Structure formats: structure tokens, C-alpha cells
Amino acid sequence: LLRVGDVVPADGRVVAGTAALDESRVSGEAMPQAKRKGDSVLSGAIVSAGYLHVRAEAPVSGSFQARVASAVEEAKTTLSEMEELVGRFATWYTPTVLGLAVALGLYKGFQQFLVVVVAGCPCALLGAAPFVQGATLTLLAGRHRLLVKHARTLEALAVMQAIGLDKTGTLTTGHFELLRLEPLPGAAHTR
């Protein structure tokens, strides 16, 4: 039984009741969607009016929300161009630094070996990129409900100057507001 304010916990089908569901978290649709007996519902939708008896049709692990979470985890495993560059750099840089450290250590002593290893360690460089990428993907998905499926897309977003959308409500908050009115040439403009 789902009442106003409840989140649909699993994908399913309505067996009784009628309700309006806020599916903006799921589909980006800003307007509540009417649901009645026989209609399917996706996990993550919120009941904004009415009540529903819903029969789950799939385990939670196979629900819409689980697929989104899986897509986020999969995106975290992709490499951006910067991470690939850092990886290629580390394949020659790290052995070079270690070789230099051993050579200096043999010639000048253990203290010099440690100085070169600590000063030349690429750990911060190698660890920063995956951490930042993972945190960004998680933040975008969790807080802003924006699923980025590949790390290279994050880099493209950084230089993007315009975006075209074909669906009302995809990136809206559900509150409609007229920001500017531009009449056609020759049309009368009155307030």
C-alpha cells in the first residue's frame, strides 16, 4: 500500500487504487502522472495524491533504480582521457624515479633513496583522477539526478557551450515560469 509521500520501492503493477505519481526523478517528466489499476509503476516515483496497491513484478535488484545504480557503478570504471594520459605517464615515470632512487641510494646512502622516492612519488597524481571522477559521477547521479555513463562525457561537459533538449521536463524543476517574451517581428507587444 502506497500513500501520499511514499516512494515506489520496486517496479510493479497497480492492483487497486488511483494516484498521481511524481515521476520526475525517474523520467524527467515534470507533471504528475495518473496511475490506476493495471498501470505499471517504476521504483523511485513518489505518490503525490491518492493511494495505490502495487504488486512488485521484479525483485528490487532488477528494478529501475537498481539499473540506474548499476549504470553509475559501471560509469565509475570507465577512464577519461586525462586518466589514460596519467596512466601512460606513470608507466615510465614510476620506474624511472625508482631507478634514480636506487642509484642515488647506492651512491649517497639510504636517506637519499628515501628523499627521491618520497619527493618523486606519483601517488597523489595517480590517485586524484579516479577519486575526483568517482565523486563527480556519484554527486551528479545522487544530488542532481543526472546519469553520466562514461568518464569522457565529464570532460566534454567541461567545455560544452550549448545543449539541445527534445523533451520538456528533462532538466526542469517542474515549476513553470515565463522568463522572457520575444514577439515576432511586426507583432504588437503590450504588457
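Summary of the structure given here.

### What to know about the environment of Leu146
Phase 1 of the analysis: Position of Leu146 among the secondary structure elements: in the loop between helix H5 (123–142) and helix H6 (151–159).
Phase 2 of the analysis: Given a relative accessible area of 34%, Leu146 falls into the partly exposed group.
Phase 3 of the analysis: Between the C-alpha atoms of Leu146 and Val72, which are 74 residues apart in sequence, the distance is 9.9 Å.

### Observations concerning the sheet that holds strand S5 (residues 46–50)
Phase 1 of the analysis: Across the sheet, three strands lie side by side as S3-S2-S5; this open sheet has antiparallel pairing. Looking at the sheet topology across the chains shown, the edges are occupied by strand S3 (33–35) and S5. The mean inter-strand angle of the sheet, taken between neighbouring strand axes irrespective of direction, is 35 degrees.
Phase 2 of the analysis: Where strand S2 (residues 19–22) meets S3, three bridges bridge the pair, whose relative direction is antiparallel. Of the residues in S3, the one forming a bridge with Ala20 is Ala34.

### Section: the packing of aromatic side chains
Phase 1 of the analysis: Using the criterion set out here, one finds four aromatic pairs in the structure.
Phase 2 of the analysis: Measuring from ring centre to ring centre gives 6.3 Å for Trp92 and Tyr93, while their planes differ by 80 degrees; the resulting arrangement is edge-to-face.
Phase 3 of the analysis: On the basis of relative accessibility, which here comes to 23%, the residue Tyr93 falls in the partly exposed class.
Phase 4 of the analysis: Arranged with centres 5.8 Å apart and planes meeting at 25 degrees, the rings of Phe110 and Phe113 form a pair that is stacked. Taken as a pair, Phe110 and Phe113 lie in helix H4 (residues 110–120) at a separation of three residues, close to a single helical turn.
Phase 5 of the analysis: Taking relative accessible area as the criterion, Phe110 reaches 58% and is therefore assigned exposed.
Phase 6 of the analysis: Connected via pairs of aromatic rings, a cluster forms that spans Phe89, Trp92 and Tyr93.

### Focus: the nonpolar core
Phase 1 of the analysis: Leu2, Val8, Val14, Ala19, Leu21, Val41, Ala45, Val47 and Leu52 together form the largest nonpolar core, which totals nine residues.
Phase 2 of the analysis: Each residue touching Leu52, except ones within four places of it in the same chain, is listed here: Leu1, Leu2, Val14, Ala16, Gly17, Thr18, Ala19, Leu21, Lys35 and Val41.
Phase 3 of the analysis: Counting five residues, the second largest nonpolar core, distinct from the first, contains Ala75, Leu137, Leu140 and Leu154.

### Side note on the pattern of salt bridges
Phase 1 of the analysis: Inspection of the entire model under this criterion finds three salt bridges.
Phase 2 of the analysis: Note that Arg13 and Glu57 form a salt bridge whose closest N and O atoms lie 3.1 Å from each other. Linking Arg13 in strand S1 (residues 12–16) with Glu57 in the loop between strand S6 (53–56) and helix H2 (64–76), this pair joins segments that are 44 residues apart in sequence.
Phase 3 of the analysis: Residue class for Arg13 comes out partly exposed when judged on its relative accessible area of 31%.
Phase 4 of the analysis: Here Lys35 ties to Glu23 by a salt bridge, and the two come within 3.4 Å at their closest N and O atoms. Of the two residues, Lys35 is situated in strand S3 and Glu23 in the loop between S2 and helix H1 (24–27); the sequence distance between them amounts to 12 residues. Note on accessibility: Lys35 and Glu23 belong to one class, buried.

### As for helix H3 (residues 81–108)
Phase 1 of the analysis: With 28 residues, H3 should cover 40 Å at 1.5 Å per step; its first-to-last C-alpha distance of 39 Å lies within 8% of that length.
Phase 2 of the analysis: In H3, a bend of some 35 degrees at Ala90 exceeds every other bend along the element.
Phase 3 of the analysis: When H3 is considered as a whole, its buried residues turn out to be Glu83, Val86, Ala90, Val97, Ala101 and Gly105.
Phase 4 of the analysis: Positive backbone phi, approximately 120 degrees, marks Gly109, located one or two places after H3.

### Points about the environment of Gln111
Phase 1 of the analysis: Structurally, Gln111 can be placed in helix H4.
Phase 2 of the analysis: The class of Gln111 is exposed, set by a relative accessible area of 62%.
Phase 3 of the analysis: Distance in space between the C-alpha atoms of Gln111 and Ala101 is 10.0 Å, their sequence separation being 10 residues.

About the criteria used
- Residues numbered from 1 in each chain as written.
- Predicted model: local features only at pLDDT ≥ 70, side-chain atom pairs only at ≥ 80, totals over all residues.
- Heavy atoms only, no water.
- Helix = DSSP H or I, 4+ residues; strand = E, 2+ residues; numbered from the N terminus.
- Buried < 20%, exposed > 50% of the residue type's maximum accessible area, 1.4 Å probe, protein only.
- Pairing = 2+ DSSP bridges.
- Axes fitted to C-alpha atoms, helices over the stretch in contact; angles between N-to-C directions.
- Phe/Tyr/Trp six-rings, centres within 6.5 Å; stacked < 30°, edge-to-face > 60°.
- Core = buried A, V, L, I, M, F, W, Y, C linked by side-chain atoms within 4.5 Å.
- Contact = heavy atoms within 4.5 Å.
- Salt bridge = Lys/Arg side-chain N within 4 Å of Asp/Glu carboxyl O.
- Expected span 1.5 Å × (residues − 1).
- Bend = angle between axes of the 7 residues up to and from the residue.

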